[in-house]
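# Analysis of the macromolecular model
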Amino acid sequence: MSKIFCLETEWKQSIHDLKEKSNVLPLLEFLQTSCGVDYVFRNVATYSDFEYYINHLYYESYNSFDIIYLCFHGSSARIELANNEFINLLEFAEKNKGIFKGKNVHFGSCSTLNMDEESIKYFKKETGARMITGYKTIVDFVTSFVFELWLLNEILKYPDYAKTRTLKLADEQMSYFVNSFKFVAY
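All values reported here derive from a predicted model rather than from experimental measurement. (Residues numbered from 1 in each chain as written. Predicted model: local features only at pLDDT ≥ 70, side-chain atom pairs only at ≥ 80, totals over all residues. Heavy atoms only, no water.)

## Description of helix α1 (residues 25-35)
Filter applied, for reference: Each residue is assigned to one of three classes by its accessible area relative to the maximum for its type, calculated with a 1.4 Å probe on protein chains only: buried under 20%, partly exposed between the two thresholds, exposed over 50%. Per the convention used, a helix needs a DSSP run of H or I reaching at least four residues, while a strand needs a run of E reaching at least two, with both numbered from the N terminus. When we speak of the arc, we mean the arc of directions from the helix axis to the C-beta atoms. Only heavy atoms matter for contacts: two residues are in contact if any of them lie within 4.5 Å across the pair.
Among the residues of α1, those classed as buried are Leu27, Leu28 and Leu31. Buried residues of α1, viewed axially, fall in a sector of 100 degrees; they line one side. In this structure, the buried side of α1 is in contact with β1 (3-9), β2 (38-44), β3 (65-71) and α5 (141-157). Glycine 36 sits one or two positions beyond α1 and adopts a positive phi of about 75 degrees.

Here it is as structure tokens:
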């Protein structure tokens, strides 16, 4: 059975940060309750937090986590943290060779995969990811929640599907979201 490793940023920087609840945790809890999916979830506010948690993927005890779900603000070729730091995907790939070896990585972030195909393929190759999915445009949180629930469930049901079959399935069952979000898979 597949397991999900999820990092989520603090979405707002304000005096109420510690009172804000996770936006993605209910999705993970639903998948656990309805499908028996195990997951690890951590909030990430800074680059140091991100680096600390993502490096756990190098440990053998995390090999069974085959879906990496990264929920952040985003822009072209990067994910953004609550304190205005950002992580450039290509620089991350260069520094973290093999970190996603054999894993499916979904960027639940606006516009992160709005980059040329060669750069995405480079990221995939360097990190060793099996499949990379995400969006090329800005996405609405509520509707992306619906799509990501569907997507994660399908990846869990069909762990052997690669980009072509995943895109075909998404086009057939969730075409509105695929087109609205400019969803891509590599």
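Having seen the structure, we can now continue with the description.
## Points about empty space enclosed by the protein
To keep it simple, the criterion reads: Cavity means a closed set of points on a 1 Å grid over the protein atoms alone, one where a 1.4 Å probe fits but cannot get out, pocket means an open set with protein on both sides within 12 Å along at least 5 of 7 lines, and lining means a residue has an atom within 4 Å of a point. Grid points are joined across faces, edges and corners, and a volume is the space filled by probe spheres set on the points. Think of it as three bins: nonpolar holds Ala, Val, Leu, Ile, Met, Phe, Trp, Tyr, Cys and Pro, charged holds Asp, Glu, Lys and Arg, and polar takes everything else, Gly as well.
Applying the stated criterion across every chain yields a total of two cavities of 30 Å³ or more. By volume, the largest cavity is sized at about 50 Å³. Lining the largest cavity are Met131, Glu154, Ile155, Tyr158, Tyr161, Thr166 and Leu169. Going through the elements one at a time, α5 and α6 (163-173) are the ones with two or more residues in the lining of the largest cavity. Approximately 30 Å³ is the volume attributed to the second largest cavity. Together, Phe50, Leu70, Ile79, Ile87, Leu89, Phe92, Phe100, Phe107 and Phe123 line the second largest cavity. Partitioning the lining of the second largest cavity into residue classes produces nine nonpolar, no polar and no charged.

## Section: the environment of serine 64
To keep it simple, the criterion reads: Polar contact is defined as a pair of N or O atoms within 3.5 Å, subject to the rule that within protein one atom must be able to donate a hydrogen and the other to accept it, and that residues adjacent in sequence are counted only when both atoms are side-chain atoms.
Of note, serine 64 is situated in the loop between α2 (47-54) and β3. Remark: the alpha-carbon pair of serine 64 and serine 180, spanning 116 residues in sequence, is separated by 32 Å. Reaching out from serine 64, the side chain makes a polar contact with the side chain of lysine 3 at a distance of 3.3 Å.

## Side note on the nonpolar core
To keep things clear, this is the line we draw: Here the nonpolar core consists of buried residues drawn from Ala, Val, Leu, Ile, Met, Phe, Trp, Tyr and Cys, with membership extended through side-chain atoms lying within 4.5 Å.
Counting residues in hydrophobic clusters, the biggest one holds 31 residues, and the most contacted among them are Phe5, Phe50, Ile54, Leu70, Phe100 and Phe107. Residue assignment for this core shows that the elements contributing at least two residues are β1, β2, α2, β3, α3 (89-95), β7 (104-108) and α4 (117-127). Not counting chain neighbours up to four residues away, the residues in contact with phenylalanine 100 comprise Ile54, Leu57, Ile68, Leu70, Phe92, Val105, Phe123, Thr127, Gly128, Ala129 and Arg130. Leu28, Tyr69, Leu152 and Met174 belong to the second largest nonpolar core, which has 30 residues in total.

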